[in-house]
Number of protein chains: 2
Amino acid sequence: MTHTHELAPHAGASDALRAAGLRVTEPRVAVYEALGALPHASADAVHAAVSERMPRASLQSVYNALGDFTDAGLVRRIEPAGHAMLFELRIGDNHHHLVCTSCGAVQDVDCAVGHAPCLHPSDAHGFTLTSAEVTYWGLCPACASVAA
Amino acid sequence: MTHTHELAPHAGASDALRAAGLRVTEPRVAVYEALGALPHASADAVHAAVSERMPRASLQSVYNALGDFTDAGLVRRIEPAGHAMLFELRIGDNHHHLVCTSCGAVQDVDCAVGHAPCLHPSDAHGFTLTSAEVTYWGLCPACASVAA
DNA sequence: TTAGTTGCAAAGGCTTTGCACGCGC
DNA sequence: GCGCGTGCAAAGCCTTTGCAACTAA
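Okay, so let's go over this structure. As the structure is a prediction and not an experimental result, all values here were calculated from the model.

**Some words on the interface of chain B and chain A**
Counting residues at the interface gives 40 residues for chain B and 40 residues for chain A. Summed over both sides, the interface between chain B and chain A buries roughly 3100 Å², with carbon and sulfur atoms accounting for 62% of that surface. Among the residues chain B hides against chain A, the three largest losses belong to Phe127(B), Tyr136(B) and Trp137(B). Together they make up 21% of the total. Connecting chain B to chain A are twelve residue pairs in polar contact (both at pLDDT 80 or more). The dominant element in the side of chain B that touches chain A, judged by the number of residues it contributes, is strand S6 (residues 128-139) of chain B, at twelve residues. In the side of chain B that touches chain A, the residues fall into 24 nonpolar, eleven polar and five charged.

Below is the structure:
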């Protein structure tokens, strides 16, 4: 093989993309890495991060990449009511989310029950389930103190 | 009056509104009753139902009523990703939702675990929790058969 | 080369906001 | 009568869609 196999910092992202059957493009790598740095980022936040190193990257490309990642199972999409949707790298563990109804802040949290039994309904009613999501609504410490 | 039929839905709605500390107005009663007839209705669906008996009712009033109901704890709001938000009367039982990622259909379902332990996170991280929500994503029977 | 992606632009849908009039209390 | 809620209208935000040019494989 004639390819130069250099050890680029983008290697992790590229590998992940390839493994998921996605073409490796600069915007996608940038989006993937931005997600790694931002735990719960909105499409806009990702775009802002990507833009720092790639001024020409469009918001639509970010949406596109995020959508592709989600379809490929690389990313998990969460939707805080009343706020823009957020994305996070799917890291395998089945954690849930604490969402502030005031500012939209999101905090990861483990389920109280051991092996996430919440992820299996008693009756699927014929549905073909693909994923489950548990969300806790409330006020984050900052917003709670302001409200009080 | 002559409520020889079944129940008098108006009385129930009025009582519920008063009990919640809300003024009893025609649009609100109409919205409340529409919710009783429609298990999981979107603001638009509620508006359509309300309009049948109240042509002048505005969509904004419906949103307003729905928001007030939610704040008052009379109604529960659910947000299927990618679809308009839905509302349902809060009936006390802690059921969860099966949501079709294709058509947005929603089906009620009980949690597999007995007393809804899923509703209590292992660590609130300082958040003041007000509610919890469990959502199962997948394809409804109809969409699954079409996709297959 | 060939097909998948990007970038640019605009449209689309859902929800919220502002203000004068009317109704509930 | 007072104040909240309604109706009318418009704006706002986030997200999706369409198409020509480009780039990865």
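Picking up after the structure, the text goes on.
**Regarding the protein's contact with DNA strand D**
Around DNA strand D sit 19 residues, and of these Tyr63(A), Met85(A), Thr25(B), Gln60(B) and Ser61(B) come closest. Backbone atoms, meaning sugar and phosphate, make up 67% of the atoms of DNA strand D lying within 4 Å of the protein. In this structure, a phosphate oxygen belonging to DNA strand D sits 2.9 Å away from a main-chain N or O atom of Met85(A). Contacts to DNA strand D include Arg28(B), whose side-chain N or O atom sits 3.1 Å from a phosphate oxygen. Secondary-structure elements contributing two or more residues to the surface near DNA strand D are helix H4 (59-72) of chain A together with helix H2 (26-37) and helix H4 (59-72) of chain B.

**Observations regarding the sheet that holds S6(B)**
Read across the sheet, six strands follow the order S5(A)-S4(A)-S6(A)-S6(B)-S4(B)-S5(B) without closing on themselves; strand pairing throughout is mixed. On the outer flanks of this sheet lie strand S5 (106-109) of chain A together with strand S5 (106-109) of chain B, each paired with one strand and no other. Within this sheet the neighbouring strands show an average axis-to-axis angle of 30 degrees, counted without direction. Alignment of strand S4 (residues 96-100) of chain B against S5(B), held across four bridges, turns out to be antiparallel. Residue pairing across strands places His96(B) opposite Val109(B), the latter belonging to S5(B).

**Describing the state of the cysteines**
Enumeration over the complete set of coordinates arrives at zero disulfides over all chains. No disulfide involves Cys140(A); its sulfur sits 3.6 Å from the nearest other cysteine sulfur, which is in Cys143(A).

**Focus: the side chain of Glu88(A)**
Residues and elements named next belong to chain A. With respect to the secondary-structure elements, Glu88 resides in strand S3 (residues 86-89). Take Glu88: its relative accessible area is 3%, and that puts it in the buried class. Among the polar contacts listed, one links the side chain of Glu88 to the side chain of His40, at a separation of 3.2 Å. If near-sequence neighbours (up to four positions away) are discounted, Glu88 is found in contact with Pro39, His40, Val75, Arg76, His95, His97 and Asp108.

Cut-off values and rules
Along every chain, residues carry numbers that run from 1 in the direction the sequence is written. A letter from A marks each chain and a number from 1 marks each ligand, given out in the order of writing. Totals for whole chains, interfaces and linings use every residue, but because this is a predicted model, local features are given only for residues with pLDDT of at least 70 and side-chain atom pairs only at 80 or more, for both listing and counting. Derived side-chain values reflect all non-hydrogen atoms in the structure, with water molecules and hydrogen atoms excluded from consideration. Two residues qualify as a contact provided that any one of their heavy atoms is within 4.5 Å of a heavy atom in the partner residue. Accessible-area loss on putting two parts together, using a 1.4 Å probe and summing over both, is the definition of buried area adopted here. For the purposes of these results, a polar contact is taken to be a pair of N or O atoms within 3.5 Å, where, inside protein, one atom must be able to donate a hydrogen and its partner to accept one; residues adjacent in sequence count only when each atom of the pair is a side-chain atom. Only DSSP runs of H or I covering at least 4 residues are called helices, and only runs of E covering at least 2 are called strands; the numbering of each starts at the N terminus. Note on residue categories: nonpolar means Ala, Val, Leu, Ile, Met, Phe, Trp, Tyr, Cys or Pro, charged means Asp, Glu, Lys or Arg, and polar means any other residue, Gly included. The near set for a molecule or strand comprises every residue that places at least one heavy atom within 4 Å of it. A pair of strands is labelled paired if DSSP reports no fewer than 2 bridges between them. Geometry is summarised by axes, namely lines fitted to C-alpha atoms with helices restricted to the contacting stretch, and by angles between N-to-C directions that run from 0 to 180 degrees. Two cysteine sulfur atoms form a disulfide, by the criterion used here, when they sit within 2.5 Å. Whether a residue is buried, partly exposed or exposed follows from its accessible area with a 1.4 Å probe, protein chains only, as a fraction of its type maximum: under 20%, in between, or over 50%, in that order.

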